[in-house]
Amino acid sequence: MRQKVAIIGAGNVGATCAQRILERGLADVALVDVVEGLAQGKALDLAEAAPLEGHDGFISGSTTYEGIQGAAVVVVTAGLARKPGMSRSDLLEANAKILQSIIPNVVRHAPEAILLVVTNPLDPMTYLAWRLSGFPTERVLGMAGVLDSARLRAFAAQKLRLSVKDIQALVLGGHGDSMVPLKRFTTVSGVPIAELLSASDLEALIQRTREGGAEVVKLLKTGSAFYAPASSVADMVQSILRDEKRVLPASVCLKGEYGLRDVFCGVPVRLGARGVEQILEIPLDPNEKAALAASAKGVRQDMDVVDAFLKGADPVKKGG
Ligand code: TXD
């Protein structure tokens, strides 16, 4: 039987995700957007590309949620994107309201789905989606680490003039300036990258990765990155739908792993048909552990703002 992926938000990331999923032949796609005609128009355009791209995927577009019925994965990309000078946390309140209008509809029409959150600020929005859905933690995760790792791989490949295929990288922590790129686990065909690059060159790559999202925002001026984010989502969706059990970083609820509890943070997970099938706890050195704890602390503060939001308070004003 054909599988279905629902994508909420038919903007840059959502529509490009739809394209990637269809053109990889992964699943049918149901696009939903609040703007009248947007999801319908993009769905029509993508359907017209199907004969040329040679896939038989079915795509629908709507402002309502009936079409998401039976979706194995629901990707939430709806929300505002960052504008230049705007931090991810500035987005929190606006996007929390948007998720509040979406998640109950997802629960109603696709109660068995795995929820993959893309909307920023990523970790607190993943937490909010978990709270609003009531889904088990195995079925709620956020995309960020795959993207951050891909950026580091791309920059390393450019610097070393080597194939991106041979470079592996692992970026953990919250999706933000405090992300934790792990130098020790960045390798070129198994060789630690520190053997091939000077410490200062490596530090520059890490810094560029940290600012990877902002670098694109600054150039685009009206919007944020979407090609690489959509590819990152497609890899995660593929691992779930095809039960590939890939080890990919994702924002998930930690329950004591890495010494962290009840916080959503990016860590390597085994991603398969059941969703987050395992959290891999890799041994970190004291510096890495401290960086992850600091990153999680930042997420925890944003989660407190989400808690206040859920209580109906005015979180941004009251929280300062
Ligand atoms: O690494 C990551 N996680 C990210 C996150 C990488 C890239 C983008 N990231 C975030 O995803 C970004 O900061 C935003 O919060 C989202 C979506 O980014 P995108 O670039 O796709 O934004 P667009 O093009 O503005 O699209 C958002 C769409 C737009 O069409 C709105 O009409 C729609 O969301 N929208 C809604 N759809 C359904 N329901 C509701 N309520 C709704 N509100 C807005």
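Look up: the structure comes first, before these words.
Asks: Break down the pairing of strand S3 (residues 59–62) for me, citing the residues and quoting the values.
Replies: By the bridge criterion, 4 bridges tie strand S2 (residues 28–32) to S3 in an arrangement that is parallel. Along S3, the bridge assignment pairs Val32 with Ser62. On the question of chirality, the crossover connecting S2 to the parallel S3 by way of helix H2 (residues 38–53) is right-handed.

Asks: Any details on the sheet that holds strand S11 (residues 191–192)? Residues and values, ideally.
Replies: Within a sheet, each strand pairs with its neighbour through backbone hydrogen bonds, oriented either parallel or antiparallel. A sheet is described by the order of its strands in space; here 3 strands give the open sequence S7-S10-S11, paired in antiparallel fashion. Here the strands that pair on one side only, and so sit at the sheet edges, are strand S7 (167–168) and S11. Looking at chain direction, S7 and strand S10 (residues 187–188) are connected through 2 bridges and run antiparallel. Bridged to Ile167 within S10 is Val188.

Asks: Could you give an account of the side chain of Asn95, with specific residues and numbers?
Replies: By secondary structure assignment, the location of Asn95 is in helix H3 (residues 92–109). With sequence-adjacent residues up to four places away left out, Asn95 is seen in contact with Gly79, Leu80, Thr119, Asn120 and Met125.

Asks: Before we move on, can you summarise the nonpolar core with the specific residues and values?
Replies: Residues Val74 and Val237 are the most contacted members of the largest nonpolar core, which totals 86 residues. Inspection of this core shows a minimum of three residues originating in each of domain 1 (4–142) and domain 2 (145–306). Excluding anything up to four places from it in sequence, Val237 contacts Val5, Ile21, Leu26, Val73, Val75 and Leu116. Within the second largest apolar cluster, 15 residues are counted, among which are Ala156, Ile167, Val171 and Ile206.

Asks: Give a detailed account of the packing of helix H4 (residues 122–133) against helix H9 (residues 286–310), specifying residues and quantitative values.
Replies: In the contact formed by H4 and H9, the axes pass within 9 Å of each other and the chain directions differ by 40°. Classified by the angle between their axes, H4 and H9 sit oblique to one another. Once H4 is placed against H9, the crossing between them reads as right-handed. Mapping the contact onto sequence places Asp123, Pro124, Tyr127, Leu128, Arg131 and Leu132 in H4 and Val299, Asp302, Met303, Val306, Asp307 and Leu310 in H9. Split into classes, the residues belonging to the contact of H4 with H9 amount to 8 nonpolar, no polar and 4 charged.

Asks: Mind laying out the packing of helix H1 (residues 12–23) against helix H8 (residues 227–241), listing which residues take part and the relevant values?
Replies: The relative placement of two packed helices comes down to the angle between their axes together with the axis-to-axis distance. At their nearest, the axes of H1 and H8 sit 8 Å apart, and the two run at 50° to each other. Put simply, H1 runs oblique to H8. Handedness of the H1/H8 crossing: right-handed. Side by side, H1 and H8 meet where Val13, Thr16, Cys17, Arg20 and Ile21 of the first sit next to Tyr227, Pro229, Ala230, Ser231, Val233, Ala234 and Val237 of the second. Residues belonging to the contact of H1 with H8 are distributed by class as follows: 9 nonpolar, 2 polar and 1 charged.

Asks: So what's going on with the site of the ligand? Which residues, and what values?
Replies: Around the ligand, 28 residues are found, and the nearest of them are Asn12, Val13, Asp33, Leu80 and Met143. Note that a nitrogen atom of the ligand is positioned 3.4 Å from one of the backbone N or O atoms of Val34. Ser101 places a polar side-chain atom, nitrogen or oxygen, 3.3 Å from a nitrogen atom of the ligand. Protein contact buries 87% of the 860 Å² of open area that the ligand shows by itself. At the level of elements, H1 and H3 are the ones that each hand at least two residues to the shell around the ligand.

Asks: Break down the pairing of strand S4 (residues 73–76) for me, citing the residues and quoting the values.
Replies: What you see with S4 is no split at all: Val73 and Val75 on one side and Val74 and Val76 on the other are buried throughout. Here strand S1 (residues 4–8) runs beside S4; their pairing, made up of 4 bridges, is parallel. Bridged to Val5 within S4 is Val73. Pairing of S4 with strand S5 (residues 114–117), which is carried by 4 bridges, proceeds in the parallel orientation. Note that in S5 the partner of Val75 across the bridge is Leu116.

Basis of the calculations
Residues numbered from 1 in each chain as written. Predicted model: local features only at pLDDT ≥ 70, side-chain atom pairs only at ≥ 80, totals over all residues. Heavy atoms only, no water. Pairing = 2+ DSSP bridges. Helix = DSSP H or I, 4+ residues; strand = E, 2+ residues; numbered from the N terminus. Right-handed = clockwise from strand over helix to strand, strands pointing away. Contact = heavy atoms within 4.5 Å. Core = buried A, V, L, I, M, F, W, Y, C linked by side-chain atoms within 4.5 Å. Buried < 20%, exposed > 50% of the residue type's maximum accessible area, 1.4 Å probe, protein only. Domains from an automatic or database assignment. Axes fitted to C-alpha atoms, helices over the stretch in contact; angles between N-to-C directions. Parallel < 35°, antiparallel > 145°, perpendicular 65-115°, else oblique. Left-handed = near helix turned anticlockwise from the far one by under 90°. Nonpolar A, V, L, I, M, F, W, Y, C, P; charged D, E, K, R; others polar. Near = heavy atom within 4 Å. Polar contact = N/O pair within 3.5 Å; in protein donor to acceptor, adjacent residues only side chain to side chain. Areas by Shrake-Rupley, 256 points an atom, 1.4 Å probe, with all protein chains shown as cover.

Shape is all these values report; function is a separate question.
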